[in-house]
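Observations on the model geometry
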Amino acid sequence: MSTASYPAPSPAVSPAPANDGSVHPVARHPHDATAPDVVRALREDGTLDPKNDPGLRTEEVLSLYRAMVRTRLLDERLVILQRQGRIGFHIGSLGEEATILGSAFAMRQNDWIFPCYREFSAALWRGMPLQRYIDNMFGNANDPVKGRQMPDHYTWKKGRFGSVSSPIGTQITQAVGFAWGAKVKREDTAVLVYFGEGATSSNEFHNGMNFAGVFKTPVVFMCRNNGWAISVPTERQTASENFAVKGEAYGIPGVRVDGNDLFAVVKVTRDAVARAARGEGPTIIEALTYRLSGHSTSDDPKVYRPEAGLDPWRRLDPIPRVRQYLERTAGWSEAQDKQIEAEIDAELKAAVVEAEKTAQPSLESMFEDVYAEMPWHLREQRDELLRGTRAKGHGQH
Ligand SMILES: Cc1ncc(C[n+]2csc(CCOP(=O)(O)OP(=O)(O)O)c2C)c(N)n1
């Protein structure tokens, strides 16, 4: 691991226009993780700053490290499967593993997580079997949503994990409403909601923040500032100093954290959960990280993003940073890396083989799960479909 310092904000973006006559000039650092207010724990030499050390046990760090490596290998494998035409789509988390896993880890067992669409590792952390996730990627009969959604749009209620939605921001109001319900019922439940910085331009962000601020709902708003909303850079998304500061308008404290620092993410998320549990209300966390891949497998980032811009962020890759810590504290070795990589590889291969040999969802499953009792018009539609030509062709290809 090199001793690189954080990259400055993207030079491709022009500075904010001069603010003539401004009464409150703003220093804009929407994607500068060197800013003095950014919380960090893991130092460049692999030691921890005692001020922000969340005090994780070695076994905890080891399982988080394994989960990060598994996430990375899954991402890589799923892109290959998409390129081979075996699955239709993948939306990955390359480079964002520490933000996602560190925050999921910090939630208590009874807490809920409302995902955006990049957080499959959080669902797996919460116990969703790898096979169910891969089944969703293939949309087969064992897919938790029965092939009725895109890949990466699963649900895992058993793990207190909300459904993935494609429209930007919908999960924010859902999470706030859910947390409000828990508060009304006097349950000791906090809710973590993930979204990208692009989602702060959505109505739902403002609706959710306002409601959560007024009613002090136990929500942790986790804004993954990964530099881009598809091809729109961070600097083009806000005139605010940063994204955490947006909490101020709603009476919600904002925290900025190095999102590539697993330990710092655990620390700030735990603090936010503790605040929520004390009845003090929501917190917005802005995790400064970087999307090293394309937005999704349908995106070509070379069109809008110079490759060289990635180098500083590759040096800040969250996985080698944790590995360096483990080398120092637990004698982690390259041989151990090879071993877990081989185990994960075997696990992924087996899950793909199983998913590919599983049948398609049945046609009638299209009509299930909407009403407790199927109304007459859906029964008629289902019966007609099952009698029709489509049913005859179903399963023949
Ligand atoms: C309401 C809505 N508008 C537009 C889109 C198209 N869209 C899909 S992803 C995306 C960018 C989201 O960026 P960000 O919120 O920063 O999340 P990231 O993908 O970077 O994690 C957009 C505009 C959408 N899905 N929903």
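Summary of the structure given here. (Residues numbered from 1 in each chain as written. Predicted model: local features only at pLDDT ≥ 70, side-chain atom pairs only at ≥ 80, totals over all residues. Heavy atoms only, no water.)

What to know about unusual backbone geometry
Condition: For helices the rule is a DSSP run of H or I covering at least 4 residues; for strands it is a run of E covering at least 2, with both sets numbered from the N terminus onward. Exposure is judged per residue with a 1.4 Å probe applied to protein chains only, and the accessible area is read against the type maximum: over 50% gives exposed, under 20% gives buried, and values in between give partly exposed.
Even without a glycine there, the phi angle at Lys-146 is positive, about 55°. Among the structural elements, Lys-146 can be located in the loop between helix 4 (130-138) and helix 5 (170-184). Overall, Lys-146 belongs to the partly exposed group, its relative accessible area being 22%. Of note, Arg-160 is a non-glycine position whose phi angle comes to about 55°, a positive value. Considering the arrangement of structural elements, one finds Arg-160 in the loop between helix 4 and helix 5. By relative accessible area, which is 30% here, Arg-160 ends up partly exposed.

Structural notes on the sheet that holds strand 1 (residues 38-39)
What counts is decided by this rule: In short, DSSP must find at least two bridges between two strands for them to pair. Only heavy atoms matter for contacts: two residues are in contact if any of them lie within 4.5 Å across the pair. Comment: axis = line fitted to C-alpha atoms, over the contacting stretch for helices; angle = value between 0 and 180 degrees taken between N-to-C directions.
Taking strand neighbours across the sheet as the criterion, the 6 strands line up as 1-7-8-4-3-2 in an open arrangement whose pairing is parallel. A single partner strand is all that each edge strand has here, and the edge strands are strand 1 and strand 2 (112-114). In the sheet, strand 1 pairs with strand 7 (residues 254-258) via 2 bridges, with the strands oriented parallel. Within the sheet, the bridge partner assigned to Val-38 lies in strand 7 and is Arg-256. Packed onto the sheet, helix 5 meets strand 2, strand 3 (191-196) and strand 4 (219-225) and runs at close to 170° relative to strand 3. Together, strand 3, strand 4 and strand 8 (283-288) form the strand contacts of helix 6 (residues 203-215), whose direction differs from that of strand 4 by roughly 145°.

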